[in-house]
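Summary of structural features
Below, each chain spelled out in residue letters.
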Amino acid sequence: MIKRRRSFHLSGYGSTRDILLFLLPGMGAYAFIMLYPNIASIWYSLTKWSGYGSPQFVGLENFRRMLRDPILLTTLGMAARSLSLALVVILPLAFALAFLLSRKVRGRKVFRFFYFLPMVIPGSVLGIMWKHIFIYEGVLNFALRSIGLDAVARSWLSELGVAQWTVLVPDLWSGVCFYIIIFAAALEGISQELYDAASIDGANGWQEMIYITLPSVWAVYVTAMILALPGALSTFIYPFVMTRGGPVRKTYTIALWMFSNIYSVPGSSSLPQIGYGSAIALLHAALGVGLSLLVWRFRRRDVAVE
Amino acid sequence: MTTAGVSLKAIKRLQVLDRSRWLISRGLVYAVLVAWLIIAVYPFAWVLTACLKEVDEYYLDPLGLPANPQWWHFAHAWKQMRIERYFFNSTFVSVASVIGILLLSASVAFVFARFGFRFKGVLWGFVMFSFLLPGTTSLFPLVVFAQKAGLYGSLWSLVIIYSAQSVPWNAFFLRSYMEGIPRELEEAAIMDGASTWQVFWRIIMPLSGPALATMGTFAFLWTWADVQLPIMLAKSDELFTVAVGTLFLTISGRGATDPTLVASGLLISIVPCLVVYALLQRYVVKGLTAGALKGI
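Here is a short report on the structure shown in this document. (Residues numbered from 1 in each chain as written. Chains lettered and ligands numbered in written order. Predicted model: local features only at pLDDT ≥ 70, side-chain atom pairs only at ≥ 80, totals over all residues.)

What follows deals with the overall build of chain B. When you go through chain B residue by residue, the secondary structure sums to 14 helices and 0 strands. Counting from the amino terminus, chain B carries its helices and strands in the arrangement α-α-α-α-α-α-α-α-α-α-α-α-α-α. In terms of overall size, chain B is more extended than a compact globule, its C-alpha atoms giving a radius of gyration of 26 Å where 296 residues would be expected to give roughly 19 Å. Along the three orthogonal principal directions, the C-alpha set of chain B runs to about 80 × 65 × 35 Å. Taking all 296 residues of chain B together, the buried fraction comes to 44%. A separation of at least 24 residues holds for 76% of the contacts in chain B among residues at least 6 apart in sequence. (Helix = DSSP H or I, 4+ residues; strand = E, 2+ residues; numbered from the N terminus. Rg over C-alpha atoms; globule rule 2.2 N^0.38 Å. Buried ≥ 20, exposed ≤ 12 C-beta atoms within 10 Å, placed from the backbone. Contact = placed C-beta atoms within 7 Å.)

Bringing the interface of chain B and chain A into the picture now. Residue-level contacts link 77 residues of chain B with 86 residues of chain A. For the side of chain B that touches chain A, the leading source of residues is helix α14 (residues 259-294) of chain B, giving 13 residues. Split into classes, the residues belonging to the side of chain B that touches chain A amount to 58 nonpolar, 19 polar and no charged. (Nonpolar A, V, L, I, M, F, W, Y, C, P; charged D, E, K, R; others polar.)

Let us now look at the nonpolar core. In terms of nonpolar packing, the biggest core is built from 162 residues, with A94, Y179, I180 and F183 of chain A touching the most fellow members. Broken down by element, the residue count for this core peaks at 13 residues, all from helix α4 (residues 83-114) of chain B. Each of domain 1 (2-50) and domain 2 (74-294) of chain B contributes no fewer than three residues to this core. When sequence neighbours within four positions are dropped, the list of residues in contact with F183 of chain A reads A94, F95, A98, V217 and V220 of chain A. (Core = buried A, V, L, I, M, F, W, Y, C linked by C-beta atoms within 7 Å. Domains from an automatic or database assignment.)

What follows is the structure, given as structure tokens:
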């Protein structure tokens, strides 16, 4: 007999039993896939383990080693570059382009179709394309030389001080393409009446921008920051494909550093270092959560002001 | 009104001025948009031109169009990549994952959208919590899980992990969509004695079609593109997905020295993504913007 205390329908619509049956598969699977790996990672980070045999407990040794590892600074430097690119270039540039796109442009759909194209292609494929653009015998240097800029041509992927930025270019490119679409939709959603009212009152373009456009899309801009900033810490596929962390291990991002510890290329002699890799993964998670909470606070304050 | 005292002539002059300024600014708008269009598609143009060139020709001029198209490159790249194997693997993983993702998330979303129950807020908070975490911490433990569950060396490991991992994002999106479905229809059905199961399958799921299409498209593209998990879980190259296969294209064999073959392989590998995008584009853009406008 079904308990019908919470149900008001003969059919048992919305009964506790039904709710449990509908929730259990999804929530159960998610709870498992979320809790088990993260807890296991904490345990692995306290061990020395190659993935074969059983893990050996070593206490905080992995974290001590991390602090002494020069790659730590490299990865933090790469994270700082990614974050500043997102804040200073990607989001503002995407907003500017989306603003132009929203100016009743002809062929808007065509622009949108092609702007979004990079988002549907696997990053590994995009990375290989960009690698062939940036390598020394590649397209970019050829183009520079053919317009007489031989002095600018260089080894984009192996010159120190340059490579660290080069591997972030594809991220910038695809980031702008993604946020254009988001911002364009937000801008198109602003009611035309607001602008009509403003122009009757004699507002100029700048005033419309400051008093109508920006306040209307600010919430979406903050949402974009919520996505973009923690995302900037997870840069992986482009440096992985384009430089493998080189030259002299100077283009390691946190995610790539982690991955190169837990994955060894088939046929290579070095064993994976699961313990150390897990410690790095925890550092990544801590930075990610910290950054997300920071941006979320920003969002709440913004809502409170409204 | 500020314009009240201005003469008719002055207004005319202003209009002419306005018109030419308008034309110039229009021109600038298009120039900038087209410039970004070229940047956005250039890497694809590279693939299209490079894949048909001869190697020597490519190194002499990597920018120009191919003089005599080398169509055999595709056949060669196809063979070298064992691409039919990878295509089979990727298609299986992506299609099965899309089904798993949609079923698991839609049932969760339905319950959160329609019913009140104890611990609802806490459970939803638990779902949202995953938005904070980057996935890196799970990677190796999931490999261990696959080994212990006897799934290592089977594509099902990917399907199961993807389906479970995507519950939060999809449930979040589908819940807000389902909350927008009017309740009148299901109330009529309940009067007629429909069960929860029947309401879910006969009313909620069909009416959620566009949202399911959006999330299904994203799930397909995401599982097709993922590299970290399939590379870790591939016991041998029998289990490579297309995305993993492309990574090895540049490392081994002729691909290491021949960009034209690499380009042909890349082009073949992205055909399914292009087809899915072309067919389901309106769901992609619409869904993305609906989600973003609501804000997280």
